[in-house]
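The chain contents come next:
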Amino acid sequence: MNEQPLSETPHSVVLSRQAKIVLGILTILATLILLLATDLMARAYLGAKGAPQYSLVWQSSDKQGKKETVVDRRLSQGLNVLDPQLGYARPAGGPTSEPAWRRPGFRTSGDETSGAALRLVVLGGSTSDPYYESDWGAWSETLFTRLNEGPTGPAVVYNGAVSGYSTNQELLKLIRDVPALAPDVVVSLSGVNDLNFSHSLREHPMVSPYQLVMLRTLAGKGHQPPRFMPNLLAAMRSGGEKDTQLTVTAGSSYEMTDAEMWRRNVELMNAASAQMGARFHVFLQPAMGIEPGYMPTDSEAELYAAMLSSKPDYAEKAAAFYTAARRHCEELMYCTDISDVFAGKTGLYHDPRHPNHQGNKLIGDTVFKTLFALDSSPALAESALGQTPEQ
């Protein structure tokens, strides 16, 4: 007599279903672990090659891939255009349609057709950038007014300062663009953007981070990474590169402190200005927290505290830079330290790194008094300016 197979009991059916669920969960976990391990190894491979690395398994659009694209807020707002040497620059016509922006990269104040006019070029970062005149003023306009009201006679001021530029970009712009302006005087207000290499690559200070992104993009290395398994797919692509693949170099690397970089650049700017027959002078700019004797308002103190909360090491690095930069400035006859120009005063900052309208007016007045003799003579104050080639 044949035995009939026992039918599954309700209890065995439950166990079978639970086992399938557990097996499914374990399979999913094992798959995730395998994907994570694979992408982690690919990430290590990219790091060893010096290539961009991405989030593990899934790359969201607001991570590094987005930063590796050329079109960011500087370009999307029409404020700048791509520049092969500077990374980005003001376009012809400037960010506005004002006639003053008729020269690419410079805002012109005064009648440059007047042959008798003194021609002065201003270089710097956002504190000097004429685009932000409505936000915190423009000390170059105060200087322009003082020049044309004083004994120096008519003057033309070409303001080539751009937000985010350090003395690295200033030097390159001076060499490339300023000779066409035939200036008599070149003035730089700098320091804050050189602090801690905040706007340059530490081992390649003449290259701005934005410039490197642009070059990587043009070379095909700044593409948006895949969302899924970005490191693995990027490693697979890089592994198949041919010798003809475009690559990017930032040149030879070398070590120097941020203050040493600042001094080297201003010395080269003085030499370049002398070569084109112009006198050069650099001013070490003020910034909140580094000038002794300044009395911040409650709102200014709150802004500075908020900045320190996001950058805990800022005060220490700023103090180290300015201590060294002040020492360098004392050794250069064409340098004036105005980092303490606000000592004993209050209410002169728009934010911790930018003076407001009143602060910029004081800077403009100070620059004028430093550069030009305040008497009946229209001559430049020889002792305050760098040497011309003949001297």
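## Notes on the nonpolar core
Formed by 62 residues in total, the largest nonpolar core has its most connected members in Leu120, Leu147 and Trp262. Top contributing element to this core by residue count: helix 11 (residues 314-330), with seven residues. The residues contacting Leu147, other than those within four sequence positions of it, are Leu118, Leu120, Thr152, Gly153, Ala155, Val157, Phe368 and Phe372. In terms of nonpolar packing, the next biggest core, distinct from the first, is built from six residues, Leu86, Tyr88, Val162 and Tyr210 among them.

## Focus: the confidence of the model for the protein
Per-residue pLDDT for the protein has a mean of 81; in total, 80% of the residues score no lower than 70. Residue range residues 62-68 is modelled with pLDDT below 50. Its contacts to residues more than four positions away, or to other chains, number 16 contacts. Low pLDDT (under 50) marks residues 240-244, which in the prediction has one contact with non-local residues, meaning those over four places away or in another chain.

## Concerning the sheet that holds strand 7 (residues 279-284)
Here six strands make up an open sheet; going across it, the order is 3-5-4-6-7-8 and the pairing mixed. Each edge of the sheet is formed by a strand with only one pairing partner; in this case those strands are strand 3 (107-109) and strand 8 (335-337). Shown here is a sheet whose adjacent strand axes are inclined to one another by a mean of 20°, direction ignored. Direction of pairing for strand 6 (residues 185-190) relative to strand 7: parallel, over a ladder of six bridges. Looking across to strand 7, one finds that Val186 is bridged to Phe280. Its contacts with the sheet place helix 5 (residues 139-149) against strand 3, strand 4 (118-124), strand 5 (155-159) and strand 6, and it is angled at close to 170° to strand 5.

## Details of the side chain of Asp365
With respect to the helices and strands, Asp365 occurs in helix 12 (residues 357-371). Excluding anything up to four places from it in sequence, Asp365 contacts Thr142 and Arg146.

## Description of the pairing of strand 7
A large share of strand 7 lies buried, amounting to six of its six residues. On strand 7, burial covers both faces: Arg279, His281 and Phe283 on one face and Phe280, Val282 and Leu284 on the other are all buried. In terms of strand pairing, strand 7 meets strand 8 through three bridges, oriented parallel. Following the sheet pairing, Leu284 is matched in strand 8 by Asp337.

## Observations concerning the packing of aromatic side chains
Per the stated rule, a full pass over the model turns up eight aromatic pairs. Aromatic pair Tyr294 and Tyr349: ring centres 5.2 Å apart, planes at 85°, arrangement edge-to-face. Note that Tyr294 is positioned in the loop between strand 7 and helix 10 (298-310) and Tyr349 in strand 9 (residues 349-351), a separation of 55 residues in sequence. By relative accessible area, which is 11% here, Tyr294 ends up buried. The class of Tyr349 is buried, set by a relative accessible area of 6%. Taken together, a centroid distance of 5.4 Å and an interplanar angle of 80° make the contact between Phe342 and Tyr349 edge-to-face. A residue is classified by how much of its surface remains accessible, and Phe342, at 0% relative accessible area, is buried. Counting every residue linked through ring pairs, the aromatic cluster contains Tyr131, Tyr132 and Trp136. Above the ring of Phe106, the side-chain terminus of Lys173 is found at 4.6 Å from the ring centroid.

Definitions and cut-offs
- Residues numbered from 1 in each chain as written.
- Predicted model: local features only at pLDDT ≥ 70, side-chain atom pairs only at ≥ 80, totals over all residues.
- Heavy atoms only, no water.
- Core = buried A, V, L, I, M, F, W, Y, C linked by side-chain atoms within 4.5 Å.
- Buried < 20%, exposed > 50% of the residue type's maximum accessible area, 1.4 Å probe, protein only.
- Helix = DSSP H or I, 4+ residues; strand = E, 2+ residues; numbered from the N terminus.
- Contact = heavy atoms within 4.5 Å.
- pLDDT = per-residue confidence, 0-100.
- Pairing = 2+ DSSP bridges.
- Axes fitted to C-alpha atoms, helices over the stretch in contact; angles between N-to-C directions.
- Phe/Tyr/Trp six-rings, centres within 6.5 Å; stacked < 30°, edge-to-face > 60°.
- Lys NZ or Arg CZ within 6 Å of the ring centre and 35° of its normal.

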